[in-house]
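Letter by letter, the chains look like this.
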Amino acid sequence: MKIEFEPKIERAIKYLQEKISLPRWQIILALEGSKEFKKKISQKILKEAVQEVEKDHGEPIELIMLKERFGQAGAIASRVQKVHHRHPTFLEKLEDATVKPLTGLPIAAGILWGIFKFFITVAGFITDRLMVPFFEGPYDNFIRGSVEKIFPHGFIHDMLIGAPGTGYLESFGLLTTGIFVPIGIVLPAVLVFYIILTLLEDIGYLPRLAVLVDTVFHRIGLHGYSIVPVILSFGCNVPGVMATRILTTDKQRFMMLTLLGISIPCMAQTAVVLNIIGPFGLPWVGLIYLILMGIFISMGSLLNKILKGETPEIAIEIPPYRLPRLSNLLMKTRLRMEQFLLGAIPWVFVGIFIVNVLYALHVTDFLSKILGPIMGRWLGLPQEAIYSLVIGFLRKDVATGLLAPLLNAGIMDLYQVITVVAMLAIYFPCAATFAVFLKELGVKDTLKSTALMLAVALGVGGLLHFIFSLIS
Amino acid sequence: MRILLMGNPNVGKSVVFNRLTGIKVIISNYPGTTVEFLEGSMIINNKKVRIIDAPGVYSLIPSDRAEEVAANLLMRDPTDLVINVVDATNLERNLYLTLQLKELTLPMILNLNMIDVARKRGIEIDIPDLQQALGVPIIPSVAVSGEGIKKLRELIVKILRGDKIENRV
């Protein structure tokens, strides 16, 4: 069966076919609004062709074509499809309950709270009860013994297992901290996070969350769907950035990427923060997230006001709830863990290598001369914090880990650590994310976005120092 | 040889891709999981055939970056076969894209996916009639459980071999 348009449209198509040598499908796509094929037809000829149809319908040709197509699709669908009535199932009732604000918001709050508790408990258990005993016990015996046999002391000894008498988080040896941070601390957090994320994804909850937060996000010029890149970014900013491809305008994408870069810490950073600051009490960790959330909202509304461009509405589809499949859960978790291990460990090694070189060369003296005034007066930080901020360009977990020995030795207090942790999250995405920024935004916009991040980091750092100096 | 998987977002293209190629991909229950295309291959008649999982599109006129990727895949390079994955529970909306794809006059298979969910919801689709209306061979499937994938594979082999396809299921 040949599917035809109404006679006047068919005449317009024939007219164009006679005037220019384009296949029918390209002409139809041009009429439907394809920029690529529209370019191939001169404006004058196109206008002549559609004049009559547009006058007849009183609408632009793109809209007429759209309605025609939906008409055709609808006619076929109603011819071949019979829908029997039946009562809504439990899942369908749940679908309604989770998007209606009155029931949906409490449910969302409950789910997020449950996830948070589950995450903290399980990831904490794996790190504290399984990983730490393993690394401090059998792993340490083996590694320390083997390394010290070959390199009893000196630069290579320190490079591999750190200076004598330091713990696994503080030693900054490639084989101690370099393995312990990604495997012992970050991996459990990433694993638990991705299992939860996969369940939410496969059930179909994320688009419903998007509906619930839509109003809030619209205040800052973003669509509720932006919650999806935000949630993905809590795992790793790289897939988060990729997911912004579903946003329609350059303005929205620039805003979203900048906001992700500025205020969403990835799981690698979160894991180390929980390890260092968690012992002081979870409210301190919560404070960091509150600061970052405040920045997300205020930067969002600011960018929305100053950036030119549109923030059009987009329609998103809410899929039905589906029962998650174990096979998919396993496949996806494995895939994401592989990506994490392959993507993270090399960078952690490079980071730790650089830290060792920086220490060995006493680079702080040089850097503190240049950055001294900013570090000391404006941010109220000791010069040792420079290492962390330098490595933060590369990897957030290693950078955050560098704060542990400073905190333990009393060189920095908790307020100062919180200031640096917030700044680390803000001032620059890690190297891997930066590469995706370049790919998605291009050089010019990436530089603009980065300049913004640096400015915000300095501003927020200074502000936090000011506030903390008032209360301490 | 090049096969392109096209369809609306969240209809199961990545599941079909995974079933056909064995390549592990991220599959989720929300539109926009695949924003970049993925390429894999199948061995058909002792020849390696490239198979591409395109991001989901509602229309061939792109409105975002992910849709642009998909439209470019279809328009820029020669394609030997389009597998249009269709969500059987949203026939009308999915057929919009099917009709657009049909204009391209490329060899095409309509993979009517999630047929189990449609049945459960009381949606009954007259497949021979749909096949006749569109003039495109149809394979119903439940990609997540693998149902219908064998038939899909057989039909792909036939079409790429150049067999004449009978207009019935």
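Provided above is the structure to which this section pertains.
Presented here is a report on the structure given in the accompanying data block. (Residues numbered from 1 in each chain as written. Chains lettered and ligands numbered in written order. Predicted model: local features only at pLDDT ≥ 70, side-chain atom pairs only at ≥ 80, totals over all residues. Heavy atoms only, no water.)

Considering the nonpolar core
Rules: In plain words, nonpolar cores are sets of buried Ala, Val, Leu, Ile, Met, Phe, Trp, Tyr and Cys residues tied together by side-chain atoms within 4.5 Å. Each residue gets one of three labels from its accessible area relative to the maximum for its type: buried under 20%, exposed over 50%, partly exposed in between, using a 1.4 Å probe on protein chains only. In DSSP terms, a helix is any run of H or I states spanning at least four residues, a strand is any run of E spanning at least two, and both are numbered starting from the N terminus. Only heavy atoms enter the contact rule, under which two residues are in contact if any of them lie within 4.5 Å.
Counting residues in hydrophobic clusters, the biggest one holds 124 residues, and the most contacted among them are A:I277 and A:I295. It is helix 9 (residues 177-203) of chain A that provides the largest number of residues to this core, a total of 13 residues. Apart from residues lying up to four places away in sequence, A:I295 is in contact with A:I262, A:G300, A:I426, A:V456 and A:V460. With 61 residues, the next largest nonpolar core counts A:W25, A:L46, A:I61 and B:L99 among its residues.

Observations concerning the pattern of salt bridges
Quick note on the threshold: In the sections that follow, a salt bridge refers to a side-chain nitrogen of Lys or Arg positioned within 4 Å of a carboxyl oxygen of Asp or Glu.
Scanning the entire structure with this criterion turns up 29 salt bridges over all chains. With a shortest N-O distance of 3.1 Å, A:D140 and A:R144 are connected by a salt bridge. Of the two residues, A:D140 and A:R144 both sit in helix 7 (residues 101-150), four residues apart, roughly one turn of that helix. Both residues of the pair, A:D140 and A:R144, count as buried. A cluster of three or more residues bridged by salt bridges with shared partners is formed by A:R245, A:R253, A:K439, A:E440, B:E36 and B:R65.

As for the interface of chain A and chain B
For clarity, the cut-off: By buried area we mean the combined loss of accessible area, with a 1.4 Å probe, across both parts when two parts are placed together. Counted as a polar contact is a pair of N or O atoms within 3.5 Å, where, for protein atoms, one must be capable of donating a hydrogen and the other of accepting one, and residues adjacent in sequence contribute only when both atoms are in side chains. Nonpolar residues are Ala, Val, Leu, Ile, Met, Phe, Trp, Tyr, Cys and Pro. Charged residues are Asp, Glu, Lys and Arg, and all others, Gly as well, are polar. When DSSP finds two or more bridges between a pair of strands, those strands are recorded as paired.
At the junction of the two partners, chain A supplies 57 residues and chain B supplies 52 residues. Interface area, chain A with chain B, both sides summed: about 4,900 Å², of which 56% is carbon and sulfur. It is A:V80, A:R245 and A:E317 that lose the most area in chain A upon contact with chain B, and together they represent 15% of the buried surface on that side. Taken together, chain A and chain B are joined by nine salt bridges. Viewed at the interface, chain B and chain A are joined by 23 residue pairs in polar contact (both at pLDDT 80 or more). Top element by residues in the side of chain A that touches chain B is helix 5 (residues 61-80) of chain A. It accounts for 10 residues. Among the residues forming the side of chain A that touches chain B, the class breakdown is 28 nonpolar, nine polar and 20 charged. In terms of strand pairing, strand 1 (residues 81-83) of chain A meets strand 6 (residues 123-125) of chain B through three bridges, oriented antiparallel.

Here's the deal with the packing of aromatic side chains
All names here are of chain A. For the record, the criterion: Stacked, edge-to-face and tilted labels apply to pairs of Phe, Tyr and Trp rings (six-membered ring for Trp) whose centres lie within 6.5 Å, assigned for plane angles under 30 degrees, over 60, and everything in between, in that order.
With the rule as written, the count across this model stands at 19 aromatic pairs over all chains. Ring plane angle 80 degrees and centroid distance 5.3 Å describe the contact between F134 and F135, whose orientation is recorded as edge-to-face. What makes F134 partly exposed here is its relative accessible area of 41%. The exposure class assigned to F135 is buried, which follows from its relative accessible area of 3%.

Some thoughts on helix 3 (residues 91-103) of chain B
Residues and elements named next belong to chain B. Just so we agree on the cut-off: What a helix should span is 1.5 Å times the count of its residues minus one.
Compared with an ideal rise of 1.5 Å per residue, which puts 13 residues at 18 Å, helix 3 spans 18 Å between its outermost C-alpha atoms and is within 8% of the ideal. With 10 of 13 residues buried, helix 3 is to be regarded as a mostly interior element. Where helix 3 terminates, the next one or two residues include T105, which has phi positive at roughly 55 degrees.

Description of a nonpolar patch on the surface
Residue and element names in this part refer to chain A. Our working definition: Two joining distances apply to patches: 9 Å for like charges and 5 Å for nonpolar side chains (Val, Leu, Ile, Met, Phe, Trp, Tyr), and every residue must have over 30% relative accessible area and no salt bridge. Residue-level accessible areas treat just the shown protein chains as cover; the underlying method is Shrake-Rupley with a 1.4 Å probe.
A contiguous nonpolar surface patch, about 560 Å² in accessible area, is contributed by F366, I370, L371, I374, W378 and L458. The topology assignment puts W378 in helix 17 (residues 363-378). By relative accessible area, which is 45% here, W378 ends up partly exposed.

Description of the pairing of strand 3 (residues 47-53) of chain B
Residue and element names in this part refer to chain B. By the bridge criterion, four bridges tie strand 1 (residues 2-7) to strand 3 in an arrangement that is parallel. Paired with L5 across the two strands is D53, which belongs to strand 3. Strand direction decides the pairing type here: strand 2 (residues 38-44) and strand 3, joined by seven bridges, are antiparallel. In the sheet register, G40 faces strand 3, and the bridge partner there is I51.

Looking at the environment of A:L105
Following the sequence through the fold, A:L105 ends up in helix 7. Setting aside chain neighbours within four positions, we find A:L105 in contact with A:K100 and A:L212.

With respect to the side chain of B:N111
Residues and elements named next belong to chain B. You can see N111 is positioned in strand 5 (residues 108-113). Side-chain polar atoms of N111 contact the side chain of S141, separated by 2.9 Å. N111 has contacts with V16, I83, N84, V85, V86, I139, P140, S141 and L152, leaving out every residue within four places of it along the chain.

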